[in-house]
Amino acid sequence: MLRSKDLLGLRGTSAEEIHEILNTAELMKVVIASNNKKTPHLQGKSIITVFYENSTRTRMSFELACKYMSGTASNISASSSSVAKGETLIDTARTLDVMGTDIMILRHPMSGAPHLMAKSVKAAVINAGDGVNEHPTQALLDMFTMREKLGGIKGLRVAIIGDVTHSRVARSNIYGLTAMGASVAVSGPPTMLPPDLGSLGIDVVGSADDAVRDADVVMGLRIQLERQKKGLFPSIREYRRFFGLTEERIALARRGALVMHPGPVNRGVEITTEVADSRESVIDEQVTNGVAVRMALLFLLTRQKPEVGGIKV
Ligand code: CP
């Protein structure tokens, strides 16, 4: 049973909770692989994806996950809603709440926005990415993929390479992986490594080659140009040379190591096309597993709904 009504981040989430989510996702993956992608688990439940930033994978996988479980899935985006008329996040959230929404899934450019929303509504809130803070469902699907492909997470060496400062994916993976007993090495240009990294129980490594050497998993991060106020690296060519996932760099990892990337991919920048499409790459599996993990979360968060007058609602 998850401890909170919401999933706002993996900071402070226990290994037991992560195991429960991943075990449930394993069952959900069987449904996705079958000819009849339909279960009754969300019958009578409704979810709304509330996205103030663009998305392909996260938003669509939540919507599909809901539909595969017979729930009602709706979406609003900032540009097509009353947000464009100046409505606040809290007023928007309360409006959706009194319509009877069971789960709100929020992506927002401000770190902490889902936490604010969760305090204002009865519905469960899932963080689908808040600013540079966390993207917990991405890290869960990453860990699911590692566990599925490598048999477990404890004891793995995971190298995370790139723009860590702006990466909510990196932050959630660091929290989740360390809770699960993996060791994490991060590397990136000094301008893209936040100063607090040392306190997170991970290795900060100057050279990407050293971080990748003997790793079981190599995760490239997207260069987030939309969050950079000024140029943080001299040129794309130099970035690729020192921090890009190239065939030469991946060859330093352990034999059979996984290559991961949360997407969308800037081909030829943080990862070459050859590596992104290589046998070692599990980028497509990450996307498939995203649906299973989100099905698991929708299931677990609706299952623990409180009782009213002794009757389960
Ligand atoms: N990985 C990820 O969050 O992708 P989207 O922006 O397409 O949702």
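Small disclaimer: the values here were computed from a predicted structure and weren't measured.

### Some words on the sheet that holds strand S6 (residues 183-187)
Okay, step 1: Across the sheet, which stays open at both edges, the five strands sit in the order S7-S6-S5-S8-S9 with parallel pairing between neighbours. Every other strand in the sheet has two partners, leaving strand S7 (203-204) and strand S9 (258-260) as the edge strands with one partner each.
Okay, step 2: Relative to S7, S6 runs parallel, the two being bridged by two bridges. Its bridge partner lying in S7, Ala 185 is registered against Asp 203.

### Description of the packing of helix H5 (residues 136-150) against helix H11 (residues 283-303)
Okay, step 1: Contact pair H5 / H11: the axes reach a minimum separation of 8 Å and the direction vectors enclose 115°. If you check the angle between H5 and H11, you find them roughly perpendicular. Regarding H5 and H11, the two cross each other, and that crossing is right-handed. For the pair H5 and H11, the contacting residues are Thr 137, Gln 138, Leu 140, Leu 141, Asp 142, Phe 144, Thr 145, Glu 148 and Lys 149 in the first and Glu 285, Gln 286, Asn 289, Gly 290, Val 293, Arg 294 and Leu 297 in the second.

### Concerning the nonpolar core
Okay, step 1: Judged by nonpolar contacts, the single largest core of 63 residues is most densely connected at Ile 105, Ile 126, Leu 140, Met 143, Ile 160, Met 295 and Leu 298.
Okay, step 2: Two domains each donate at least three residues to this core, and these are domain 1 (15-134 + 288-312) and domain 2 (136-283).
Okay, step 3: Look past the residues within four positions of Ile 105 in its chain and what remains in contact with it is Ile 47, Ile 48, Thr 49, Val 50, Phe 51, Phe 62, Ile 126, Ala 128 and Leu 298.

### Examining the packing of helix H1 (residues 15-33) against H11
Okay, step 1: Contact geometry of H1 with H11 gives a least axis separation of 7 Å together with a crossing angle of 120°. Crossing angle aside, the handedness with which H1 passes H11 is right-handed. Of the residues in H11, those in contact with Glu 20, Ile 21, Thr 24, Ala 25, Met 28, Lys 29, Val 31 and Ile 32 of H1 are Thr 288, Asn 289, Val 291, Ala 292, Val 293, Met 295, Ala 296, Leu 297, Phe 299, Leu 300 and Arg 303.

### Digging into the pattern of salt bridges
Okay, step 1: A complete count under the given rule lists 14 salt bridges for this structure.
Okay, step 2: The partner of Arg 3 in a salt bridge is Glu 17, and the shortest N-O contact between them spans 3.2 Å. Placement of the pair is Arg 3 in the segment before H1 and Glu 17 in helix H1, with a sequence separation of 14 residues.
Okay, step 3: Assessed through its relative accessible area of 63%, Arg 3 is described here as exposed.
Okay, step 4: The shortest N-O distance in the salt bridge between Arg 147 and Glu 26 comes to 2.8 Å. Of the two residues, Arg 147 sits in helix H5 while Glu 26 sits in helix H1, which places them 121 residues apart along the sequence.
Okay, step 5: Note on Arg 147: relative accessible area 14%, which makes it buried.
Okay, step 6: Using a relative accessible area of 47% as the deciding quantity, one classes Glu 26 as partly exposed.

### A few points about the site of the ligand
Okay, step 1: Every residue near the ligand is listed here: Ser 55, Thr 56, Arg 57, Thr 58, Arg 107, His 135, Gln 138, Pro 262 and Gly 263.
Okay, step 2: Measuring from an oxygen atom of the ligand, one finds a side-chain N or O atom of Arg 107 at 2.9 Å.
Okay, step 3: At 3.0 Å from a nitrogen atom of the ligand is found a side-chain nitrogen or oxygen belonging to Gln 138.
Okay, step 4: Protein chains shield 91% of the accessible area of the ligand, which is 260 Å² for the free molecule.
Okay, step 5: In this structure the site holding the ligand corresponds to the largest pocket.
Okay, step 6: Class assignment for the residues of the shell around the ligand results in one nonpolar, six polar and two charged.
Okay, step 7: Two domains each donate at least three residues to the shell around the ligand, and these are domain 1 (15-134 + 288-312) and domain 2 (136-283).

### What about the packing of aromatic side chains?
Okay, step 1: Considering all chains together, one arrives at one aromatic pair under this definition.
Okay, step 2: Ring geometry for Tyr 239 against Phe 243: centres 6.0 Å apart, planes inclined by 40°, an arrangement best described as tilted. Linking Tyr 239 with Phe 243, this pair stays in helix H8 (residues 236-243), spanning four residues, or about one helical turn.
Okay, step 3: Exposure remark for Tyr 239: the relative accessible area of 2% places this residue in the buried category.
Okay, step 4: Here Phe 243 falls in the buried class, since its relative accessible area comes to 12%.

### A short note on the domain arrangement of the protein chain
Okay, step 1: Domain annotation for the protein chain reports domain 1 (15-134 + 288-312) and domain 2 (136-283).
Okay, step 2: When each unit is reduced to the centre of its C-alpha atoms, the spacing between domain 1 and domain 2 is 26 Å.
Okay, step 3: Taken together, the 28 residues of domain 1 in the interface contact 25 residues of domain 2.
Okay, step 4: When the buried area of domain 1 at its contact with domain 2 is split by residue, Leu 22, Val 132 and Glu 134 rank highest and sum to 28% of it.
Okay, step 5: The interface formed by domain 1 and domain 2 holds three salt bridges in total.
Okay, step 6: Taken together, domain 1 and domain 2 are joined by 11 residue pairs in polar contact (both at pLDDT 80 or more).

Cut-offs used in this document
Each chain carries its own residue numbering, running from 1 in the written order of its sequence. The predicted nature of this model means local features are confined to residues of pLDDT at least 70 and side-chain atom pairs, given and counted, to a pLDDT of 80 or more, with totals for whole chains, interfaces and linings taken over all residues. Water and hydrogen atoms were dropped before computing side-chain values, which therefore reflect all heavy atoms in the structure. Any two strands between which DSSP finds at least two bridges are classified as paired. Per the convention used, a helix needs a DSSP run of H or I reaching at least four residues, while a strand needs a run of E reaching at least two, with both numbered from the N terminus. Convention adopted: a line fitted to C-alpha atoms gives each axis, helices being fitted over their contacting stretch, and angles between N-to-C directions are expressed from 0 to 180 degrees. Roughly parallel means an angle under 35 degrees; roughly antiparallel means over 145; roughly perpendicular covers 65 to 115; every other angle is labelled oblique. Left-handed is the label given to a crossing in which the near helix is rotated counterclockwise from the far helix by less than a right angle, and right-handed is the label when the rotation is clockwise. Working rule for contacts: check all heavy atoms of both residues, and any pair within 4.5 Å makes them a contact. The definition of a nonpolar core used throughout is a set of buried Ala, Val, Leu, Ile, Met, Phe, Trp, Tyr and Cys residues joined through side-chain atoms within 4.5 Å. Partly exposed describes any residue whose relative accessible area lies between the buried limit of under 20% and the exposed limit of over 50%, with all areas from a 1.4 Å probe on protein chains only and scaled to the type maximum. How far each domain reaches was decided by an automatic or database domain assignment. Criterion for a salt bridge: a side-chain nitrogen of Lys or Arg within 4 Å of a carboxyl oxygen of Asp or Glu. We call a residue near a molecule or strand when any one of its heavy atoms sits within 4 Å of it. Definition of a polar contact: a pair of N or O atoms within 3.5 Å, with one able to donate and the other able to accept a hydrogen when the atoms are protein atoms, and with sequence-neighbouring residues admitted only if both atoms are side-chain atoms. Computed by Shrake-Rupley with a 1.4 Å probe, the accessible areas treat only the displayed protein chains as cover when residues are assessed. Detection works on a 1 Å grid of protein atoms alone, calling trapped sets that fit a 1.4 Å probe cavities and calling open sets with protein on both sides within 12 Å along at least five of seven lines pockets, with lining residues defined by an atom within 4 Å of a point. To qualify as sitting in a cavity or pocket, a molecule needs more than half of its atoms within 2 Å of the grid points. The nonpolar class holds Ala, Val, Leu, Ile, Met, Phe, Trp, Tyr, Cys and Pro. Asp, Glu, Lys and Arg form the charged class, and all remaining residues, Gly among them, are polar. Any two rings among Phe, Tyr and Trp, with Trp reduced to its six-membered ring, count as a pair given centres within 6.5 Å; such a pair is stacked if its planes are under 30 degrees apart, edge-to-face if over 60, and tilted if neither. As a working definition, buried area equals the accessible area (1.4 Å probe) given up by two parts on being put together, with both sides summed.

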